[in-house]
Structure formats: C-alpha cells, structure tokens
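Summary of structural features
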Amino acid sequence: MTRAAIIVCWVMAIGLALFLIAPLLVIAAASFSPTPVFDLPLTGASTRWYGKIGRLDGFWPSLLLSLEIALFSTAISLVCGTLAAIAIARGKLPGANVFATALVSPLMMPGLVLGIALLQGFRAVGFTAPWATLLVAHLVITLPYVARTMISGLARFDFTLIEAARTLGCTYPGSVLRVMVPALAPSFLIAGIFSFLASFDNYPVSIFLADVRTKTLPIRMLQYIEEAPDPTLAALSTLILAGTVILLFVSDRVVGLHRMAGTSD
Amino acid sequence: MTEAALSAPVASPKVDRERLTAIGFVLPSFVIIAGVFALPLVLLLGVSFVDANGLTFANYKRLLGAPYYLWVIWNSLRLGLLTTLIAFLISYPAAFALARARGPLRSLLLATLFLPLAASVIVKAFAWTILLRSDGIVNETLIALGIIEDPIRMIFTETALIVGAVNIFLPFMILPIYAIVAQLDSRYAEAAATLGASPVVTFFRVILPLTLPGIIAGVALAFSLSVSAYVVPTLLIGEKYPTLATTIAKAYLLAREPGFGAAAGVVLLAIAIAVVALSARLSREPK
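All figures in this text were calculated on a predicted structure; none of them were measured in a lab.

Calculation criteria
- Residues numbered from 1 in each chain as written.
- Chains lettered and ligands numbered in written order.
- Predicted model: local features only at pLDDT ≥ 70, side-chain atom pairs only at ≥ 80, totals over all residues.
- Heavy atoms only, no water.
- Helix = DSSP H or I, 4+ residues; strand = E, 2+ residues; numbered from the N terminus.
- Buried < 20%, exposed > 50% of the residue type's maximum accessible area, 1.4 Å probe, protein only.
- Contact = heavy atoms within 4.5 Å.
- Arc of directions from axis to C-beta.
- Axes fitted to C-alpha atoms, helices over the stretch in contact; angles between N-to-C directions.
- Parallel < 35°, antiparallel > 145°, perpendicular 65-115°, else oblique.
- Left-handed = near helix turned anticlockwise from the far one by under 90°.
- Lys, Arg positive; Asp, Glu negative; His and termini not counted.
- Salt bridge = Lys/Arg side-chain N within 4 Å of Asp/Glu carboxyl O.
- Polar contact = N/O pair within 3.5 Å; in protein donor to acceptor, adjacent residues only side chain to side chain.
- Phe/Tyr/Trp six-rings, centres within 6.5 Å; stacked < 30°, edge-to-face > 60°.
- Lys NZ or Arg CZ within 6 Å of the ring centre and 35° of its normal.
- Domains from an automatic or database assignment.
- Buried area = accessible area lost by both parts, 1.4 Å probe.
- Nonpolar A, V, L, I, M, F, W, Y, C, P; charged D, E, K, R; others polar.

Now for the overall build of chain A. Per the secondary structure count, chain A includes twelve helices and zero strands. Ordered by position from the N terminus, the helices and strands of chain A form the series α-α-α-α-α-α-α-α-α-α-α-α. If one aligns the C-alpha atoms of chain A with their principal axes, the spans along those axes are about 70 × 65 × 35 Å. Counting across all 265 residues of chain A, residues that qualify as buried make up 52%. Here the contacts in chain A between residues at least 6 apart in sequence split such that 71% fall between residues at least 24 apart.

In structure tokens form, the structure reads like this:
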C-alpha cells in the first residue's frame, strides 16, 4: 500500500474508534452530573443518581423479567442450537445446508415484523400469557446466535477424535465430555453471551407481547426516556454498560476477542 | 469394486439409525424455526390481505397508492442507504488499519468495536440525544472551535438520525470486512506491483475483488438492520420522519389496524428478503 493510503486507513480507524466509543463515555460522564440536566463537561460529581435507579417506576419487576427471559431463552437455545449444529456438522442430515440457512435467517429479518407476526400467531392459537409468549418469542431471537456460532465452531472440530478416545478405552459419554466439550467451550461461551445480550436488549419483538404489568427493561427504559430523561437513566445505562464490559472482559480472558471477529489467528 | 458399492445396501440399519439421530437432534430447533418463525410470517402475509370486510387488497392499495406512504417507504430506504453508504466509506479503510494492528493496539481497537456492539441500542440512542442537544457537547465543541457562532439545532433532524444510525450499525459493517481483510495475502498485491500495476490498478483489480465477500456481507447486514430500525428514528427524529417500522408500530400499538400494519410489515420483509437473496447471489458468483 502507498504511504498516503496507509495514513488514510489509520485516520479512519482511529476516528471510528473514537466515534464508536463516544456515546458510551458520554453516558458514563452524564451519570455523575451534579444537576438534573446533563451539564457536560462536568462541573462537579455526584453519585446520587445511582441511588435513585431503584426508585424508578416499575424498575425491579422489569429488570427481573428481562433477566429471567434472557437466561431461560439462552439456556434453551444453547441446548437446541448445539444439538442442531452437531447434526449439521456430522453431515448425516438430508438438506443440512438449507436448514443451517433457515436457522440463522431470523438474524436478517426486521425485528418489528417478527414481533407483529408473533403477536398475530400467538393470538390465533389463544396463547396470550405475557411471560410465556415473551420466552417463546425470545427463542427465535437467541437461537440464530447460538446456531451461527456453534455451526462455525463445530466445522473446525474433528469428530474422529471421539472415536480415537473410545479406541483408547474411554466410554462414549466420557469421550464426549472429555474431548468434545472442552474443544467447544469457547464457542459455547461466545454463543451464550451474544444470545443473552440479544434477548436482554430486545425491544422490537417484546413491545408487541408485553402488557401493562409485564414490561421488559428495554420497554421501560424507552418509556423513561420519552417521559422524563434525567441522569438516573444515564446511571442505569452506565450500570448495564459496566455489566457488559465485565462480560466481554471475562470472555476475552477465556477465549480472546479476535476469535469473535471470525479470524482464526 | 468401489468403496461406495461395498457399503451398499443404502438402507442399512446403521445409516438409518444415524439419520434418525440427526433428525432427532435438529427436531427442537426445527419446531422453533417452523412454529415460531416461519408459520407466523405466513400468517402475517394472510392478515395483510384482510380487513373489516373480509379478503381485500385495500391494505396494499392504501400503502402503495398514497403519496404519503410512498414517502414513508422512501424514508426507510433513504435511512438504510445513507447509513450503509457512510458506514462503508468509514469501515473499508479502517478495516485495513485494523488488520495491520498488532498486540495491545489491536486488542484496544477490537474492544472499541465489540463494546458498542454488545451495548444496548436504547442506551446508545439515548447518549446521542444528550450529545446532540443544542446545549450538548457537539454544539459547544463546534462553538469553542469557532466553526459555528450559535448552537445549531441537531436533535430531531435527519443529520442526528443518520449520525446515530451510522454509529449504531457501523460494527455490523466493519466486522465482516475486517474478517476478510485480515486473511488477505499481501503477496497478491506485491505480485501485481511486480508485474507493473500501479497502486490504483492493484486496488481496483486485486484488493477490491478479493475483499468483495466481506463488503457484500457487511452491506447486507448494515442495510437490512438500518432500513428496519425502530428505536433510532423514534428517539433521534420522531414523528416528522415516519418510516415503515414506525408505521407498523403505530398501526398495531395505537391505531389497531392489524391488516394495514401487516401489509407494511410484508413490504419491509420483502425488502429484507430481497437484500438477503441479492447478497447470497452476489457472493456465489465466480470472480
């Protein structure tokens, strides 16, 4: 590459990094605002907004609901998606490629359209309990993340290793547990984190299935922002961000971020 | 005799059992995708042809016949196109720098991609409402730098919408491009240079075609996500920039017109499917 091109590339990369990180830093800074308006740059610092998060109207039930739905849907999707990925990777399934595409296709579909489709579908069969409809709907949100990650993870796994372990005297469950599980653990962790975050952050599907008493945290947050945005929301956002940072940091320690980017080195 | 002939008959008990196990393994996922994804979408298509008087094309006539709703559809496409174009122009060169970075710098740059990707869309859109306020940081910085004298109105303008959308959908553009660029063998470019190609020719004839799969994947992802965005236009521009997504939400949550909302949903779905089909076709084509 020519020198000028390299300089342009670096300027873009650094600009992009600053541009992407800016809103996150602003939210964190605004959460320590001493006044109810977002006075930036800060003229002082106050942590009182953090104390007010718990008093936001309907906060605790919404947080609990979002955590429950995200945990349960991720757990179910991890089991179903991994089983499907194994069948696809083994190559004994007729039409495996078509099914693999179908499994990840919800990722490319507009969330809002899925939301109204599910609302119509659940109504048509008389399935209207909000908690249960949210859980079932979030399976479609989380399953594609698990399927995509596990299919690419299993594509690199050599199934003859299981046979080798069995030849060497390992039982079948034992060889799966001691050979396959450790090899797939990084993919499993990445799949779990991204599917949890996809569910926890989902708004476009949840909004059509929630009712007055059953609102997920993103629905509540959008409502707070539209009604009365104050630094309490920035404090709540900062805590959610901090949780995300911890999740990513742990996964980077365990598997390395560059693996999530899809590069192999 | 070939090995394939030796392993016949095809319907041996072992093959049968393996196939049954495979089908058993995919069954739960199949039930979810068929029952909670494919069937509801088919039902939605059906609902879009229904109104109070029974079967009808009225929903589509209303959506595709009125200048107002054609403007709404154009708004969605415009949001998708502008976001995708700007995100691509930033991402493509940046991906090359990212691929050259090593050690802690690479980790830092990757972290600035993954953290926003994992962060809540609502949180980021909310941050932009703070950043772009008339007394917000962007305005005060521009005034301090002497670029403008008085605060300019940015929030609830198309500029705010596009800045926010590019910010939120950029990682989806750069990651697939980066994944391809990182695997690019630099010897191809060197070979082209050795054979007398100028840097410009090398770029258009060697580098661009080799990185095309990443571009196609990134463009398809960024476009299909931004064309159907709901939270971003709601918070950053509001009522005066109605899109297909906000029209769908309004039809279901406020107006209670499921037939009309479903028709708008089908149009948005058709756009998404067209993008997926086009990108699949383009990435299959031989170079």
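Take helix H4 (residues 96-104) of chain A next. For H4 of chain A, the set of buried residues is Ala96, Phe99, Ala100 and Leu103 of chain A. Buried residues of H4 of chain A, seen end-on, are gathered within an arc of 105° and therefore sit on one face of the element. In H4 of chain A, the exposed residues that point more than 90 degrees away from the buried face are Asn97, Val98 and Thr101 of chain A. In the core, the buried residues of H4 of chain A are packed alongside helix H3 (59-90) and helix H6 (130-155) of chain A together with helix H2 (13-47) of chain B.

Time to look at the packing of helix H10 (residues 217-227) of chain A against helix H6 (residues 121-131) of chain B. Two elements in contact, H10 of chain A and H6 of chain B, have axes separated by 10 Å at closest approach and are oriented at 15°. Of the possible angle classes, the one that applies to H10 of chain A and H6 of chain B is roughly parallel. Where H10 of chain A crosses over H6 of chain B, the handedness of that crossing is left-handed. Mapping the contact onto sequence places Pro218, Met221, Leu222 and Ile225 of chain A in H10 of chain A and Ile122, Val123 and Phe126 of chain B in H6 of chain B.

Right, let's get into the side chain of Asp201 of chain A. Within the secondary structure, Asp201 of chain A is located in the loop between helix H8 (172-200) and helix H9 (206-209). Although Asp201 of chain A is buried, it makes no salt bridge; Lys124 of chain B carries the closest opposite charge, 6.7 Å away. A distance of 3.1 Å separates a polar atom in the side chain of Asp201 of chain A from the backbone nitrogen of Val121 of chain B. Apart from the residues lying within four places of it in its own chain, the contact partners of Asp201 of chain A are Pro218 of chain A together with Ala119, Ser120, Val121 and Ile122 of chain B.

With that settled, the discussion passes to the packing of aromatic side chains. Per the stated rule, a full pass over the model turns up 19 aromatic pairs over all chains. Taking the centre distance of 4.9 Å and the plane angle of 80° together, the rings of Tyr68 of chain B and Tyr69 of chain B count as edge-to-face. Of the residues examined, Tyr68 of chain B reaches a relative accessible area of 40% and is grouped as partly exposed. By relative accessible area, Tyr69 of chain B is classed as buried at 15%. Both rings, one in Tyr68 of chain B and one in Trp71 of chain B, keep their centres 5.8 Å apart while their planes meet at 55°; by these two values the pair is tilted. On the criterion of helical spacing, the pair formed by Tyr68 of chain B and Trp71 of chain B is a turn pair, its members being three residues apart in helix H4 (residues 67-100). Cluster of aromatic residues (ring-pair linked, three or more members): Phe88, Tyr92, Phe96, Phe203 and Phe204 of chain B. Sitting above the plane of the Phe159 of chain A ring, Arg90 of chain A keeps its charged end 4.8 Å from the centroid. Directly above the ring of Phe260 of chain B sits Arg62 of chain B, whose terminal nitrogen or CZ lies 3.8 Å from the centroid.

For the rest of this paragraph, the subject is the domain arrangement of chain B. All names here are of chain B. Taken domain by domain, chain B holds domain 1 (1-47) and domain 2 (58-284). The distance between the C-alpha centroids of domain 1 and domain 2 comes to 37 Å. The three residues of domain 1 that bury the most area against domain 2 are Leu44, Leu45 and Val47, which together make up 84% of that side's buried surface. Where domain 1 touches domain 2, the interface holds zero salt bridges. Taken together, the links from domain 1 to domain 2 amount to zero residue pairs in polar contact (both at pLDDT 80 or more). Among the residues forming the side of domain 1 that touches domain 2, the class breakdown is four nonpolar, no polar and no charged.

Let's shift gears to the environment of Gly111 of chain A. Residue and element names in this part refer to chain A. Tracing the backbone through its elements, the reader meets Gly111 in helix H5 (residues 111-124). Expressed as a C-alpha distance, the spacing of Gly111 and Ala84, which sit 27 residues apart in the sequence, is 23 Å. With sequence-adjacent residues up to four places away left out, Gly111 is seen in contact with Pro204 and Val205.

Below, the discussion takes up the interface of chain B and chain A. If you look at the interface, chain B gives 87 residues, while chain A gives 83 residues. Between chain B and chain A the total buried area reaches about 7400 Å² when both faces are included, carbon and sulfur atoms providing 83% of it. Taken as a group, Phe37, Phe114 and Phe126 of chain B account for 9% of the area that chain B buries against chain A, more than any other trio of residues on that side. The tally of links between chain B and chain A comes to zero salt bridges. The tally of links from chain B across to chain A stands at five residue pairs in polar contact (both at pLDDT 80 or more). Considering every element that reaches the side of chain B that touches chain A, the biggest residue donor is H2 of chain B, with 18 residues. For the side of chain B that touches chain A, a count of residues per class yields 69 nonpolar, eleven polar and seven charged.

Moving on, we come to unusual backbone geometry. Residue and element names in this part refer to chain B. The backbone of Arg256 sits at a positive phi, close to 55°, despite the residue not being glycine. Its location among the elements puts Arg256 in the loop between helix H12 (244-253) and helix H13 (258-284). Its relative accessible area of 58% is what places Arg256 among the exposed residues.

Attention now moves to the pattern of salt bridges. Residues and elements named next belong to chain B. Tallied over the full model, the rule gives three salt bridges over all chains. Taking the shortest distance from any N to any O, the salt bridge between Glu158 and Arg78 comes out at 2.6 Å. Linking Glu158 in helix H8 (residues 158-181) with Arg78 in helix H4, this pair joins segments that are 80 residues apart in sequence. For Arg78, a relative accessible area of 28% corresponds to the partly exposed category.

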